[in-house]
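# Structural features, examined
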Amino acid sequence: MSGRPLQHDDGIVLTPEQKRRQRARSVAIALVLAALVVLFYAVTLVKLGPGILDRPL
C-alpha cells in the first residue's frame, strides 16, 4: 500500500450527444456482425449443396 488516500475518480463523463453517438455505433457494429454471420451461414449452405440433406446419420 502506498499510504495515499483513496480517491473516487469517475473518469470520462460523456455528454448525452456522445452517449447517443456511441450507442448508434454499437448498434451499427452489431448489425454488421449479424449480417456477416448470416452471410457465412448462407455461403456454407451453398458450398455444401443440396446433398447435405441426404447424408446418413
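Further up the page is the structure itself.
Quick summary incoming for the structure in this document. (Residues numbered from 1 in each chain as written. Predicted model: local features only at pLDDT ≥ 70, side-chain atom pairs only at ≥ 80, totals over all residues. Heavy atoms only, no water.)

This part covers the overall build of the protein. When helices and strands are tallied, the protein shows one helix and zero strands. Residue burial in the protein is summarised as follows: out of 57 residues, 2% are buried. Counting every atom, the protein has about 6,100 Å² of accessible surface; 66% of that belongs to carbon and sulfur. (Helix = DSSP H or I, 4+ residues; strand = E, 2+ residues; numbered from the N terminus. Buried < 20%, exposed > 50% of the residue type's maximum accessible area, 1.4 Å probe, protein only. Areas by Shrake-Rupley, 256 points an atom, 1.4 Å probe, with all protein chains shown as cover.)

Attention now goes to the pattern of salt bridges. Per the stated rule, a full pass over the model turns up two salt bridges. The residue Arg20 makes a salt bridge to Glu17 at a minimum N-O spacing of 2.7 Å. One end of the pair is Arg20 and the other is Glu17, both in helix 1 (residues 16-48) and three residues apart, which spans about a single turn. Overall, the relative accessible area of 36% leaves Glu17 in the partly exposed class. Residue Glu17 pairs with Arg21 through a salt bridge whose shortest N-O separation is 3.0 Å. Of the two residues, Glu17 and Arg21 are both situated in helix 1; the distance of four residues between them amounts to about one turn of the helix. Here the salt bridges share partners, and the residues they tie into one network are Glu17, Arg20 and Arg21. (Salt bridge = Lys/Arg side-chain N within 4 Å of Asp/Glu carboxyl O.)

A word on helix 1. Residues three or four positions apart in an α-helix share a direction because the helix packs 3.6 residues into each turn. With 33 residues, helix 1 ought to run about 48 Å at 1.5 Å a step, and its terminal C-alpha atoms sit 48 Å apart, in line with that. The positive-phi residue at the C-terminal boundary of helix 1 is Gly49, with phi of around 80°. (Expected span 1.5 Å × (residues − 1).)

Our focus in this paragraph is the environment of Leu14. With respect to the element layout, Leu14 can be found in the segment before helix 1. A residue is classified by how much of its surface remains accessible, and Leu14, at 30% relative accessible area, is partly exposed. Apart from the residues within four sequence positions on either side, Leu14 is in contact with Lys19 and Gln22. (Contact = heavy atoms within 4.5 Å.)

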